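Next come the chains, spelled out residue by residue.
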Amino acid sequence: MIPSMVVDLLMQNKINYVKLFSASDNVLEAFSATDIGLEITMPNQSTQKMKTQADVDEWVVQIIVSHPNVHFIYVCVGTMPLSTRFFNQTYPEAIQVLDWMQQALKLMNKSDIKATMNHFTDVLIPVKKPAEAAFRKDLEPNITRSCQILQSYNAPIGVVIFPLLNVNDLFNGDTEFAFLENNSTSVFKDGDKTYSNVIEVMYDMFDVALEKVGCPNMTIIIDAIGWPTDGIKDGNIPNAQRFYQGLAKFVASKKGTPRRPGPIDVYLHNLSDENKINKNAGSFMRHWGIYKFDGQPKFNFDLQGLGHDVKLVPAIGITHMPKRWCIFNDRYASDIGKVAYNVFDDQAKYACDTADCTALDPGGSCSNLTYMQRLSYAFNMGFQKASQRVSNKSCYYNGYGKIVSDDPSTPSCTFPVEILAAEIPNFSGYAQSLAHALKPSSISLMIAVVQTLFICFTLMCTC
């Protein structure tokens, strides 16, 4: 999808705030002259390259000053830079960059834009009661320094909450406790406060931990919260719909948490699945989307939190490739069991080395396929990833593949058809985003708009 399609999708759904995890010129230009407020992010890898104040000044000039018609509101320095749950390393240099960033914004007469930072809940010690919460000792100095910097110019701090992961970590996998409206047996009292869901628990834990390092009463934004629709136990579309509907009602109510009554700004993670994102933490990392890769919503969702059965507006202008699929040629079905399995497995692995086959992983929506169906799914994902090109034998697979016009999907497993490429991005890197819909008590959607030098903008291809 071209960036203007994504912006139109946001506007049609009345989403007024967006977070971009990285942004190229053509992405930012698409937001020019709109009322959509942007929180942009300096990627973790970029913070490592910032050695001086001058480096950060130059970044602000290139990204912000050079786009005067874009409504910037925040600059997030890093993405969970101290977390080890999703990354192989931490980025402590982001703390110094945070200070330099606000100085650069001030220098460029952009003090209305605030620099901020977010953290995943793994920066907390593993306890169940908010009153006992604290930051991990190894991270406490850096987090203390970051919150002091943020306090000095009255900027918010972000917490990232993934309820399904949090209940698995702390509440013995009680999935019910991850929903705002639930029948959980994990409800508990902490002093005079009652906690009925893990979201309020994690938010108040973060609040207590900040207070213990000398940063009380900071504005805390839930910088990302979501529910995966595949790739993990209980990660499916019905549960995602239930979660988001309950979350929207919670946000719209402005009731807040036991420790922090009042409105909370919330960003939903995310608009679409991301078939290139690192899956070290699990296959579910590629399946957070509220929308399918082709801009069609996965489920009905009332963003206003009124509980209505509301259809999200789909993307406009999408063109699918021809309805054809690549499957395992059944003329070789009798060879299964006779020929060594690794002969077929090697072909499936070849397909999945470049395409996203995480739906086949344990817990995935396609994990219950037969062996021959699994081969077909892998072959098709590689075929679609190659834009159905026959000239490069994208459905050959050593002669075991064939192209068909009948949809091989099953009731639980969709064999997708790719959408046509629309635009080649103009810089080397990825762009994803997070949209924000209600204010002052806000709810939002993360947008996956990817960019690489050779992959065009689509709703399925991100970092």
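In this text the structure is predicted, and so the values were computed from the model without any measurement.

(A) Here's a closer look at the packing of aromatic side chains. By the definition in use, this model includes 24 aromatic pairs. An aromatic cluster is built from Phe328, Tyr332, Phe344, Tyr350, Phe379, Tyr397 and Tyr400, whose rings are joined through pairwise contacts. Above the ring of Phe21, the side-chain terminus of Lys19 is found at 4.9 Å from the ring centroid. When the ring centre of Tyr396 is taken as origin, the NZ or CZ atom of Lys393, which lies over that ring, is 5.3 Å away.

(B) Highlighting helix 1 (residues 3–12). Within the span of helix 1, buried status applies to Pro3, Met5, Val6, Val7, Leu9 and Leu10. Phi turns positive, to about 55°, at Lys14, one or two residues after helix 1.

(C) How the structure looks around the pairing of strand 1 (residues 17–20). Residues of strand 1 alternate between two faces, with Tyr17 and Lys19 on one and Val18 and Leu20 on the opposite face, all of them buried. Where strand 1 and strand 2 (residues 37–42) come together, 4 bridges link them in parallel fashion. For Leu20, the partnering residue across the bridge sits in strand 2 and is Ile40.

(D) Focus on the pattern of salt bridges. Tallied over the entire structure, the rule returns 18 salt bridges. Its salt-bridge partner being Glu140, residue Lys137 comes within 3.7 Å of it at the nearest N-O pair. In this structure Glu140 comes out as partly exposed when scored by relative accessible area, which is 26%. Measuring nitrogen to oxygen at the nearest pair gives 3.0 Å for the salt bridge that ties Asp356 to Arg286. Separated by 70 residues along the polypeptide, Asp356 in the loop between helix 10 (341–352) and helix 11 (371–385) and Arg286 in the loop between strand 10 (266–268) and strand 11 (325–328) bring together distant segments of the chain. Neither residue differs from the other here; Asp356 and Arg286 are each classed as buried.

(E) Up close: the packing of helix 4 (residues 53–65) against helix 5 (residues 94–107). Packing of helix 4 against helix 5 brings their axes to within 9 Å, and their N-to-C directions diverge by 55°. Overall, the two elements helix 4 and helix 5 adopt an arrangement that is oblique. When you trace helix 4 past helix 5, the crossing you get is right-handed. Two secondary-structure elements touch here, helix 4 through Gln53, Val56, Asp57, Trp59, Val60 and Ile64 and helix 5 through Val97, Trp100, Met101, Gln103, Ala104, Leu105 and Leu107.

(F) Looking closely at the sheet that holds strand 5 (residues 118–120). Read from one edge to the other, the open sheet built from 4 strands follows the order 5-6-9-10, with strand pairing classed as parallel. The sheet is open, and its two edges are formed by strand 5 and strand 10, each paired on a single side. Taken over all neighbouring pairs, the strand axes of this sheet differ in orientation by 25° on average, direction set aside. Bridge analysis of strand 9 (residues 220–225) against strand 10 gives 2 bridges, and the strand direction is parallel.

(G) Structural view of the pairing of strand 9. With respect to burial, strand 9 is a largely interior element, 6 of its 6 residues being buried. Pairing between strand 6 (residues 157–161) and strand 9: 5 bridges, direction parallel. Across the sheet, Gly158 pairs through a bridge with Ile221, a residue of strand 9. Assessed by its sense of winding, the connection that carries the chain from strand 9 through helix 9 (residues 237–253) to strand 10 is right-handed.

Definitions and cut-offs
Residues numbered from 1 in each chain as written. Predicted model: local features only at pLDDT ≥ 70, side-chain atom pairs only at ≥ 80, totals over all residues. Heavy atoms only, no water. Phe/Tyr/Trp six-rings, centres within 6.5 Å; stacked < 30°, edge-to-face > 60°. Lys NZ or Arg CZ within 6 Å of the ring centre and 35° of its normal. Buried < 20%, exposed > 50% of the residue type's maximum accessible area, 1.4 Å probe, protein only. Helix = DSSP H or I, 4+ residues; strand = E, 2+ residues; numbered from the N terminus. Pairing = 2+ DSSP bridges. Salt bridge = Lys/Arg side-chain N within 4 Å of Asp/Glu carboxyl O. Axes fitted to C-alpha atoms, helices over the stretch in contact; angles between N-to-C directions. Parallel < 35°, antiparallel > 145°, perpendicular 65-115°, else oblique. Left-handed = near helix turned anticlockwise from the far one by under 90°. Contact = heavy atoms within 4.5 Å. Right-handed = clockwise from strand over helix to strand, strands pointing away.

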